Amino acid sequence: MSNIKSKQYYKQALSLMPAGVNSPVRAFKAVGGKPVFIKWGKGSKIYDVDGNSYIDYVLSWGPLILGHAHKQVINSIVQAAKAGTSFGAPTAAENEIAQLIKSAMPGMERMRLVNSGTEAAMSAIRLARSYTGKDKIIKFQGAYHGHSDGLLVKAGSGAATFGVPTSSGVPRSSARDTIVLPFNDIEKVRVVISAGHKKIAAVIIEPVCGNMGVVQPENKFLQKLRTITRQYGILLIFDEVMTGFRFCFGGAQNLLKVKPDITCLGKIIGGGMPMGAYGASKRIMNCVAPSGSMYQAGTLSGNPVAVACGLKTLRILKKTDYKKINSLCKELCDAMQKMARAQKKKISVTRFYSMFTVFFTDKKVSDYKSACRADTEKYANYFSKMLREGIYCAPSQFEANFLSFAHTKKDIEYTIEAFNRTITDI
Ligand code: HOZ
């Protein structure tokens, strides 16, 4: 496997961008080696500048649920671009995508399209503060809701990967209003809320965590959280940036039957183009300017090319049976877990529908503390070996891997064989 061209591009990139990348985890610092530079993708595969191919389980960190360069999606992008790339004025397609999202998540009676998940979560927090007149928020340890100041406290994803869960440059005054609690610990939530509810505007949560690796809610944690927040007049924000349209045509809120007050979306709703959204009841969304006094705006919000890409993706998903992707992911994860057991390796494969993480620990992973017990050196070794096998996994222990509808049985069988070879000497 030659990496000559990737190395050259990386060397050049180092003189242009911090660590040579435009988002930290891409630098491969947590897994060693140098990043591969991708030239193109099709279906379940990506191809680098040296001509190597990889079965892709990152899928642009989730959005490409239909696989790379899906023909109909690309056609929609081309058609939209031909008609103009940005107007900074309303278009009919924005109504269409908002209507489709609302039909899948009826709690989003009104919504705003934005450009990323970070923007959606940041705006949702401002909205909750505006609506309740309170300042403090609760988030969970190891959860990641984008890189806005108040949310970059004890955060997961790249922040956890690089040991800067609370970023430098975040003013103490911003972090002061963020209360961080352990995921899946409802008693801690109860104690903190009953003592401090007069100052707490919202609880923000990834209903299924993806940014500390995949960690599921347990023992009706979300249902109980819903009851407590409602009881104390605190808004519940579901960050469904990763989970929205990933498990079904809707969100984790549909599957788990818990209705948040505010929903944040990103990734899949843009189908691989930059897009996010936040939405809530008409009453809550009426706070947003110019209906209300909470200001939020964006030149590229509802961008016609991004909307066309997201709209086509969602329309295809609406007609698609998710059973195929979910059962294929189950087959993959069950086989990996079985092989790990057979080889007596300390590995726990966590999975929720078509999202999964291979944790290098045999202990149960139910929160950030238990996720941190995983052996990150072993993960790094695993990542590099899988890459050499032609499999592109998340370049950090604290991230999710994803399947797409383009992944085939053959991809899965090859991955299982490669996994078995790979873990033998780890
Ligand atoms: N932190 C992102 C995933 N949770 C990674 C984004 C990227 O590097 O593209």
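**Student:** I'm lost on the packing of aromatic side chains in this one. Help?
**Tutor:** Pairs of aromatic rings are described using the distance from one ring centre to the other and the angle between the two planes. In this structure the tally under the stated criterion is 19 aromatic pairs. Judged by centre distance (6.2 Å) and plane angle (75°), the ring pair of phenylalanine 360 and tyrosine 379 falls under edge-to-face. With phenylalanine 360 in the loop between strand 12 (355-359) and helix 13 (368-371) and tyrosine 379 in helix 14 (residues 376-388), this residue pair connects regions lying 19 residues apart in the sequence. Site record: aromatic cluster; members linked through ring pairs are Phe28, Tyr54, Phe383 and Tyr392.

**Student:** Is there a simple way to think about the side chain of asparagine 303 in this case?
**Tutor:** Mapped onto the secondary structure, asparagine 303 falls in the loop between helix 10 (282-285) and helix 11 (304-318). In this structure the side chain of asparagine 303 is engaged in a polar contact, spanning 2.7 Å, whose partner is the backbone oxygen of threonine 85. A polar atom in the side chain of asparagine 303 sits 3.0 Å from the backbone nitrogen of valine 305. The contacts of asparagine 303, once residues within four sequence positions are left out, are Thr85 and Ser86.

**Student:** Is there a simple way to explain the environment of tyrosine 414 in this structure?
**Tutor:** Along the polypeptide, tyrosine 414 turns up in helix 15 (residues 409-423). You can call tyrosine 414 partly exposed: its relative accessible area is 31%. Along the primary structure tyrosine 414 and isoleucine 55 are separated by 359 residues, whereas in three dimensions their C-alpha atoms are 9.3 Å apart. Tyrosine 414 has contacts with Ile55, Glu389, Ile391 and Arg421, leaving out every residue within four places of it along the chain. At a separation of 2.5 Å, a polar atom in the side chain of tyrosine 414 contacts the main-chain carbonyl oxygen of glutamate 389.

**Student:** Please explain the sheet that holds strand 12 as it appears in this structure.
**Tutor:** The strands that make up a sheet are held in pairs by hydrogen bonds between backbone atoms, and each pair lies either parallel or antiparallel. Taking strand neighbours across the sheet as the criterion, the 3 strands line up as 11-12-14 in an open arrangement whose pairing is antiparallel. Single-partner strands in this sheet number two, and they are strand 11 (348-352) and strand 14 (401-402). Strand contacts of helix 12 (residues 323-342): strand 11 and strand 12, with the helix running at about 170° to strand 11, the strand carrying the most contacts.

**Student:** How do you make sense of the site of the ligand when you look at a structure like this?
**Tutor:** Inspection of the region around the ligand gives Ser23, Arg26, Trp61, Ser157, Asn211 and Glu399 as its neighbouring residues. Note that an oxygen atom of the ligand is positioned 2.7 Å from one of the side-chain N or O atoms of arginine 26. A distance of 3.1 Å separates an oxygen atom of the ligand from a polar atom in the side chain of tryptophan 61. Protein contacts shield 86% of the accessible area of the ligand, which totals 290 Å² for the unbound molecule. Within the shell around the ligand, the residues separate by chemical class into 1 nonpolar, 3 polar and 2 charged.

**Student:** What am I meant to see in the environment of alanine 143 here?
**Tutor:** Structurally, the position occupied by alanine 143 is in the loop between strand 5 (136-140) and helix 5 (157-161). Looking at alanine 143, the relative accessible area reads 3%, which means it is buried. Sequence-wise, alanine 143 and glycine 390 are 247 residues apart; in three dimensions their C-alpha atoms are separated by 30 Å. Ignoring any residue separated from it by four or fewer positions in sequence, one finds alanine 143 in contact with Lys154, Ala155, Gly156, Glu206 and Met212.

**Student:** Mind showing me how you'd approach the nonpolar core here?
**Tutor:** Here is a general trend for soluble globular proteins: nonpolar side chains tend to be buried in one another's company. In this structure, Phe245, Leu314, Leu317, Phe356, Val358, Tyr382 and Leu403 are the most contacted members of the largest nonpolar core, which totals 68 residues. Tallying contributions element by element places helix 12 first for this core, with 8 residues. Other than its neighbours up to four places away in sequence, phenylalanine 356 contacts Tyr57, Val214, Cys329, Leu332, Cys333, Met336, Thr350, Arg351, Ala400, Asn401, Phe402 and Leu403. Core analysis: the second largest hydrophobic core is formed by 28 residues, Ile138, Leu181, Val215 and Phe398 among them.

**Student:** Looking at this structure, how should I read unusual backbone geometry?
**Tutor:** Glycine aside, residues mostly have negative phi angles, and peptide bonds mostly take the trans form. Residue alanine 289 is joined to proline 290 through a cis peptide bond whose omega torsion reads 10°. You can see proline 290 is positioned in the loop between helix 10 and helix 11. Residues other than glycine seldom take positive phi values, yet asparagine 184 does so here, at roughly 70°. Turning to its location among the elements, asparagine 184 is positioned in the loop between strand 6 (178-181) and helix 7 (186-196). On the basis of relative accessibility, which here comes to 18%, the residue asparagine 184 falls in the buried class. Even without being a glycine, tyrosine 353 presents a positive backbone phi close to 50°.

**Student:** Looking at this structure, I do not really get the sheet that holds strand 7 (residues 200-205). What am I missing?
**Tutor:** Across the sheet, 7 strands lie side by side as 4-10-9-8-7-5-6; this open sheet has mixed pairing. Strands at the two margins of the open sheet, each flanked by one partner only, are strand 4 (110-114) and strand 6. Within the sheet, the average angular offset between the axes of one strand and its neighbour, ignoring direction, is 20°. In this structure, strand 4 lies alongside strand 10 (residues 276-280), joined through 5 bridges in antiparallel fashion. Bridge pairing links methionine 111 to glycine 279 in strand 10.

**Student:** What is the right way to read the packing of helix 2 (residues 71-82) against helix 11 from this model?
**Tutor:** Close contact between helix 2 and helix 11 brings their axes to 8 Å; oriented N to C, the two are set at 150°. Classified by the angle between their axes, helix 2 and helix 11 sit roughly antiparallel to one another. The element helix 2 and its partner helix 11 pack so that their crossing is right-handed. Across the interface between the two elements, Gln72, Val73, Ser76, Ile77, Ala80 and Ala81 of helix 2 pack against Pro304, Val305, Ala308, Cys309, Lys312, Thr313 and Ile316 of helix 11. Taken together, the residues that form the contact of helix 2 with helix 11 break down as 9 nonpolar, 3 polar and 1 charged.

**Student:** What is the right way to look at the side chain of serine 370 in this model?
**Tutor:** Relative to the helices and strands, serine 370 resides in helix 13. Side-chain polar atoms of serine 370 contact the side chain of aspartate 367, separated by 2.6 Å. Those residues in contact with serine 370 that sit more than four places away from it in its chain are Lys364 and Val365.

**Student:** Please clarify how helix 7 should be interpreted in this entry.
**Tutor:** Every α-helix winds through 3.6 residues per turn, so residues three or four apart in the chain are directed the same way. For helix 7, the complete set of buried residues consists of Ile186, Val189 and Ile193. Each buried residue of helix 7 lies within a common arc of 55° when the element is viewed along its axis, so the set occupies one face. The outward face of helix 7, more than 90 degrees from its buried face, is lined by the exposed residues Val191 and Ala195. Contacts made by the buried residues of helix 7 are with strand 5, strand 6, strand 7 and helix 8 (221-231).

Parameters and conventions
Residues numbered from 1 in each chain as written. Predicted model: local features only at pLDDT ≥ 70, side-chain atom pairs only at ≥ 80, totals over all residues. Heavy atoms only, no water. Phe/Tyr/Trp six-rings, centres within 6.5 Å; stacked < 30°, edge-to-face > 60°. Helix = DSSP H or I, 4+ residues; strand = E, 2+ residues; numbered from the N terminus. Polar contact = N/O pair within 3.5 Å; in protein donor to acceptor, adjacent residues only side chain to side chain. Contact = heavy atoms within 4.5 Å. Buried < 20%, exposed > 50% of the residue type's maximum accessible area, 1.4 Å probe, protein only. Pairing = 2+ DSSP bridges. Axes fitted to C-alpha atoms, helices over the stretch in contact; angles between N-to-C directions. Near = heavy atom within 4 Å. Areas by Shrake-Rupley, 256 points an atom, 1.4 Å probe, with all protein chains shown as cover. Nonpolar A, V, L, I, M, F, W, Y, C, P; charged D, E, K, R; others polar. Core = buried A, V, L, I, M, F, W, Y, C linked by side-chain atoms within 4.5 Å. Parallel < 35°, antiparallel > 145°, perpendicular 65-115°, else oblique. Left-handed = near helix turned anticlockwise from the far one by under 90°. Arc of directions from axis to C-beta.

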